[in-house]
Amino acid sequence: ALDWSGSPEQQPSSSSSLYQRYKPKWPIFLCISHHRSNPLMTTLKEDEGMPQTLSPTSMFTPCSFSPHLHTSKEDEQGGLIFQDGNLTSASLDALIQHLIPTTDYYPEVSNSQLFIEPHELLSRVCHKCIEQQRLDDPVLDKARIRKFGPKILQLLTEWTETFPYDFQEERCFHEERIIGHLKDMIHRIAPCDEAYWKKMNQLLQTLNQKLATLSHGQEGIVKINAAVSDKLVAFKSKPPSIQREILSVCSDPYTLAQQLTHVELERLSHIGPEEFVQAFVHKDPLDGTKPCFSDQKTSNLEAYVKWFNRLCYLVATEICMPAKKKQRAQVIEFFIDVARECFNIGNFNSLMAIISGMNMSPVSRLKKTWSKVKTAKFFILEHQMDPTGNFYNYRTALRGAAHRSLTAHSNREKIVIPFFSLLIKDIYFLNEGCANRLPNGHVNFEKFLELAKQVGEFITWKQVECPFEQDANIIHYLHTAPIFTEDGLYLASYESESPENQTEKDRWKSLRSTILGKT
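Please read all numbers here as calculations on a predicted model, not as lab measurements.

Basis of the calculations
Residues numbered from 1 in each chain as written. Predicted model: local features only at pLDDT ≥ 70, side-chain atom pairs only at ≥ 80, totals over all residues. Heavy atoms only, no water. Helix = DSSP H or I, 4+ residues; strand = E, 2+ residues; numbered from the N terminus. Contact = heavy atoms within 4.5 Å. Areas by Shrake-Rupley, 256 points an atom, 1.4 Å probe, with all protein chains shown as cover. Buried < 20%, exposed > 50% of the residue type's maximum accessible area, 1.4 Å probe, protein only. Pairing = 2+ DSSP bridges. Core = buried A, V, L, I, M, F, W, Y, C linked by side-chain atoms within 4.5 Å. Disulfide = S-S within 2.5 Å. Arc of directions from axis to C-beta. Phe/Tyr/Trp six-rings, centres within 6.5 Å; stacked < 30°, edge-to-face > 60°. Lys NZ or Arg CZ within 6 Å of the ring centre and 35° of its normal. Axes fitted to C-alpha atoms, helices over the stretch in contact; angles between N-to-C directions. Parallel < 35°, antiparallel > 145°, perpendicular 65-115°, else oblique. Left-handed = near helix turned anticlockwise from the far one by under 90°. Nonpolar A, V, L, I, M, F, W, Y, C, P; charged D, E, K, R; others polar.

Participant: What exactly am I supposed to notice about the overall build of the chain here?
Facilitator: On a plain count of helices and strands, the chain comes out with 24 helices and four strands. By sequence separation, contacts in the chain at least 24 residues apart represent 76% of the contacts at least 6 residues apart. Working note: accessible area of the chain is about 23800 Å², and carbon and sulfur atoms make up 50% of it.

Right under this line is the structure:
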């Protein structure tokens, strides 16, 4: 279990020592080998630190670089700008060249969707490989190709595994082109080793299976959302017979916390790293009037945010539904125990959703109900998720969970499910606070390296296999149980505990008229 007190003294004292054993891979944005001795001949060295989530004020400087970098001498090699041996900026062409494997060099996988379409990037990579390895020559240097072949296959394999959605979208518009690039490359090197054809077929088969799995998950989410929408229309009043309460489905808070973790990890598994790129392509302000997501490219990310909102409303509905004060207090205490177990598991997203649901006005106004609740544990939970200091307490607990995950001996200890809305906010401000390109036209590689660290950590967390036994009945209830709208919650709250002032009385009268058809 994580430290329940949340005291900083209980957490690791040094963020650098906390993350020493973690070597982040750079699977997103322009994430290529950034440590230089000879940048075209060496692979990425062991990194000394793991990404932290910083506050916007501590994350940025006016010139878009970390202050310590400006005290060192700048060095340039082939369009790549280095400071203190670290790649900080480069032209797009130089970065693409840096992505090309050779007989002696292999890069970390990269993605540059903010600057170039995936099919175009693959085309340029394959074209440069053909030129540099002289794959158009009538007679190939078989010895050299046998060194180069495994590296290009590895690059293509990691690309399809890390960014399968690149190929899903391209199937609609550029299927022949993008698959043709893959096959053409293998056709050119296959004469040197027939095993390359077998490996390519395995790559395409694995890609098809992964896309089918992801597509099935998306269809399931759509069906669940449709079922919920249908039930919302009919569920406008408060008769207790209209649905089962959560306690009749699951009375054990530990079991419910485990099933919530199942739902969280299953939904996280469908979110691809490219969705974080697409989420902020359009620079819409966070004013609540414009979505920052674009079309269907972030459907899984949006579905996950909707799941958080549904869980908030489900918790509030379950609390407001019972007619008797004692039963409502019992439901509140039950969810407090569920939230505490979510904290111990490392499921911070469900934890915050439960706390948010209990803090909704229709629930918090039930003073007579709360007077029957033992609130000490609830106050501790609120303290853990207190937004003060840019969510300092939560970030401390998250670092503790991340440290536990690094040293884990079981899948249960590996679970880290971050408060997702805050993660999105951090990435948004990092993206908006730094320019994509520098005044000289170079790509601001340092910015994308930091973005890659944050998203890369998330990718590691979402790949954890849930260790708890799945209960289909509970999960079905979580996905499909009818929930009150905001007006429905207020009406149920007023029906449970009478309005205390004229404003509440007027709203109660209005809601009874519009929802129940009563005066």
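So much for the structure itself; the text now carries on.
Participant: How should I be thinking about the pairing of strand E3 (residues 86-90) in this particular structure?
Facilitator: Note on strand geometry: in a regular strand, side chains alternate between the two faces of the sheet. Burial within E3 is extensive, with four of its five residues counted as buried. With four bridges connecting them, strand E2 (residues 80-83) and E3 associate as antiparallel partners. Within E3, the residue paired with Phe-82 across the bridge is Leu-87. Linking two consecutive strands that pair antiparallel, namely E2 and E3, is a turn of two residues; a positive phi of about 55 degrees is found at Asp-84 within it. Here E3 pairs with strand E4 (residues 443-444) via two bridges, running antiparallel. Its bridge partner being in E4, Ser-89 is matched across the sheet by Asn-444.

Participant: How should the nonpolar core be read in this particular structure?
Facilitator: Nonpolar side chains tend to gather and get buried jointly when the protein is soluble and globular. In terms of nonpolar packing, the biggest core is built from 126 residues, with Leu-256, Phe-276, Phe-335, Met-358 and Phe-420 touching the most fellow members. Discounting chain neighbours no more than four positions away, the residues touching Phe-335 are Ile-246, Leu-256, Val-315, Glu-318, Ile-319, Ile-354 and Met-358.

Participant: What is the right way to read the environment of Pro-118 from this model?
Facilitator: Along the chain, the position of Pro-118 falls in helix H4 (residues 118-132). Along the sequence, Pro-118 and Asp-166 sit 48 residues apart, while their C-alpha atoms lie 6.3 Å from each other.

Participant: Even after reading the chapter, I still don't get the state of the cysteines, so can you show me in this structure?
Facilitator: Chemically, a disulfide is nothing more than a covalent bond linking the sulfur atoms of two cysteines. According to the stated counting rule, one finds zero disulfides in the structure shown. Looking at the unpaired Cys-126, the closest cysteine sulfur is the one in Cys-129, lying at 6.4 Å. On the basis of relative accessibility, which here comes to 5%, the residue Cys-126 falls in the buried class.

Participant: Sorry if this is basic, but what is going on with helix H17 (residues 376-384) here?
Facilitator: Residues three or four positions apart in an α-helix share a direction because the helix packs 3.6 residues into each turn. Listing the buried residues of H17 in full gives Phe-378, Leu-381 and Gln-384. One face of H17 carries all of its buried residues, which in axial projection span an arc of 115 degrees. In this structure, the buried residues of H17 make contact with helix H13 (325-345), helix H14 (348-358), helix H16 (367-370) and helix H18 (388-406).

Participant: Even after reading the chapter, I still don't get the packing of aromatic side chains, so can you show me in this structure?
Facilitator: The description of an aromatic ring pair rests on the distance of the ring centres and on the angle between the ring planes. Summed over the entire model, instances satisfying the criterion amount to twelve aromatic pairs. Plain terms: the ring middles of Phe-343 and Phe-348 are 5.9 Å apart, the flat faces sit at 90 degrees to each other, and that makes the pair edge-to-face. A residue is classified by how much of its surface remains accessible, and Phe-343, at 1% relative accessible area, is buried. What makes Phe-348 buried here is its relative accessible area of 0%. Through a chain of ring-to-ring contacts, the aromatic side chains of Phe-308, Phe-343, Phe-348, Phe-391, Tyr-394 and Phe-419 assemble into a single cluster. We note Arg-507 situated over the ring of Tyr-490; from NZ or CZ to the ring centre the distance is 3.7 Å.

Participant: In this structure, what is going on with the packing of helix H12 (residues 299-320) against H14? I would like to understand it.
Facilitator: Between two packed helices, both the angle of their axes relative to each other and the distance between the axes serve to describe the pair. Contact geometry for H12 and H14: axes closest at 8 Å, N-to-C directions at 45 degrees. It follows that H12 is oblique to H14 by the angle criterion. Crossing of H12 against H14: the hand is right-handed. Contacts between H12 and H14 involve Tyr-304, Phe-308, Leu-311, Cys-312, Val-315, Ala-316 and Ile-319 from the former and Asn-349, Ser-350, Met-352, Ala-353, Ile-354, Ser-356, Gly-357 and Met-358 from the latter. A per-class count over the contact of H12 with H14 returns eleven nonpolar, four polar and no charged.

Participant: Before we go on, may I ask you to explain unusual backbone geometry in this structure?
Facilitator: Glycine aside, negative phi is the norm for most residues, and most peptide bonds take the trans geometry. Although it is not a glycine, Arg-134 adopts a positive phi angle of roughly 55 degrees. Within the secondary structure layout, Arg-134 lies in the loop between H4 and helix H5 (142-162). Positive phi values are uncommon outside glycine, yet Asn-390 reaches one of about 55 degrees. On the secondary structure map, Asn-390 appears in helix H18.

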